[in-house]
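Here's the letter readout for the chains.
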Amino acid sequence: MLFFYRKHYDNKIDVWTMGILIIEMDEGDPPFLNEPPDRDLFLIANKGKPDLNRDKISPELADFLDKSLEVEAASRLSATDLLKMPLMDKCVDLTTIRPLIVAAKKALKKA
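Caption draft 1: A look at a nonpolar patch on the surface. On the surface, L94, I97, L100 and I101 cluster together into a nonpolar patch covering about 430 Å² of accessible area. Structurally, the position occupied by L94 is in the loop between α4 (79-82) and α5 (98-110).

Structural data, given as structure tokens:
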């Protein structure tokens with residue numbers, strides 16, 4: 001358990017981090033990238049979770065991110081609860097991603 005700014009954090013901080021990582025993977029940059037250091041914490045504390053480009057993502061992913069990025073940790077879903085969300089019904093077996101990774105590596109070598 002970590003103490004940061006005198007707040008007690010549990011594994012729900014990892015859920016928040018996962019939500020931010022999903023946004024970064026979708027948009028190419030993390031939220032608040034162009035803000036000065038520590039300003040992102042100020043913005044989250046005062047504005048709440050980062051804005052989502054809802055036109056670009058599925059309703060299931062938007063809902064998943066809304067639950068992952070709940071500012072109040074007590075209201076944020078746990079990883080176990082997130083696994084029960086409708087987005088998880090759209091998941092495919094991990095073996096389907098291997099050919100995509102191999103193809104991406106080959107494409108990078110040719111570039």
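Caption draft 2: Quick peek at the side chain of R76. One can find R76 in the loop between α3 (59-68) and α4. Assessed through its relative accessible area of 4%, R76 is described here as buried. Here the side chain of R76 touches V71 through a polar contact of 3.1 Å, landing on its backbone oxygen. Ignoring sequence-local partners within four residues, the contact set of R76 consists of K12, I13, V15, W16, K67, S68, E70 and V71.

Caption draft 3: Representation of empty space enclosed by the protein. Across all of its chains, the model carries one cavity of 30 Å³ or more by this definition. Empty space within the largest cavity amounts to approximately 50 Å³. Lining the largest cavity, in full, are I22, I23, D26, E27, L52, N53, I57, L61 and L65. Mapped by element, the contributors of at least two residues to the lining of the largest cavity are α1 (12-27) and α3. Considering each element in turn, the lining of the largest cavity owes the most residues, four residues, to α1. Of the residues contributing to the lining of the largest cavity, the split by class is six nonpolar, one polar and two charged.

Caption draft 4: Molecular detail of α5. Between its first and last C-alpha atoms α5 spans 19 Å; for 13 residues at 1.5 Å apiece the expected length is 18 Å, and the two agree. Burial runs low along α5: only zero of the 13 residues are buried.

Caption draft 5: View of the nonpolar core. Counting residues in hydrophobic clusters, the biggest one holds 18 residues, and the most contacted among them are I57, L61, F64, L65 and L69. Looking at this core, the elements with two or more residues in it are α1, α2 (39-47) and α3. Looking at this core, the element that brings in the most residues is α1, giving five residues. When neighbours within four sequence positions are excluded, L69 is seen to be in contact with W16, G19, I20, I23, K49 and P50.

Caption draft 6: Summary view of the environment of L65. When you line up the elements, L65 lands in helix α3. L65 sits in the buried class, given a relative accessible area of 2%. Sequence separation of L65 and P86 is 21 residues, and the distance between their C-alpha atoms is 12 Å. Excluding residues within four positions of it along the chain, L65 makes contact with G19, I22, I23, L52 and I57.

Thresholds, definitions, all that
Residues numbered from 1 in each chain as written. Predicted model: local features only at pLDDT ≥ 70, side-chain atom pairs only at ≥ 80, totals over all residues. Heavy atoms only, no water. Patch = residues over 30% accessible without salt bridge, like charges linked within 9 Å, V, L, I, M, F, W, Y side chains within 5 Å. Areas by Shrake-Rupley, 256 points an atom, 1.4 Å probe, with all protein chains shown as cover. Salt bridge = Lys/Arg side-chain N within 4 Å of Asp/Glu carboxyl O. Helix = DSSP H or I, 4+ residues; strand = E, 2+ residues; numbered from the N terminus. Buried < 20%, exposed > 50% of the residue type's maximum accessible area, 1.4 Å probe, protein only. Polar contact = N/O pair within 3.5 Å; in protein donor to acceptor, adjacent residues only side chain to side chain. Contact = heavy atoms within 4.5 Å. 1 Å grid on protein atoms, 1.4 Å probe; cavity = no way out; pocket = protein on both sides within 12 Å on 5 of 7 lines; lining within 4 Å. Points joined across faces, edges and corners; volume = space filled by probe spheres on them. Nonpolar A, V, L, I, M, F, W, Y, C, P; charged D, E, K, R; others polar. Expected span 1.5 Å × (residues − 1). Core = buried A, V, L, I, M, F, W, Y, C linked by side-chain atoms within 4.5 Å.

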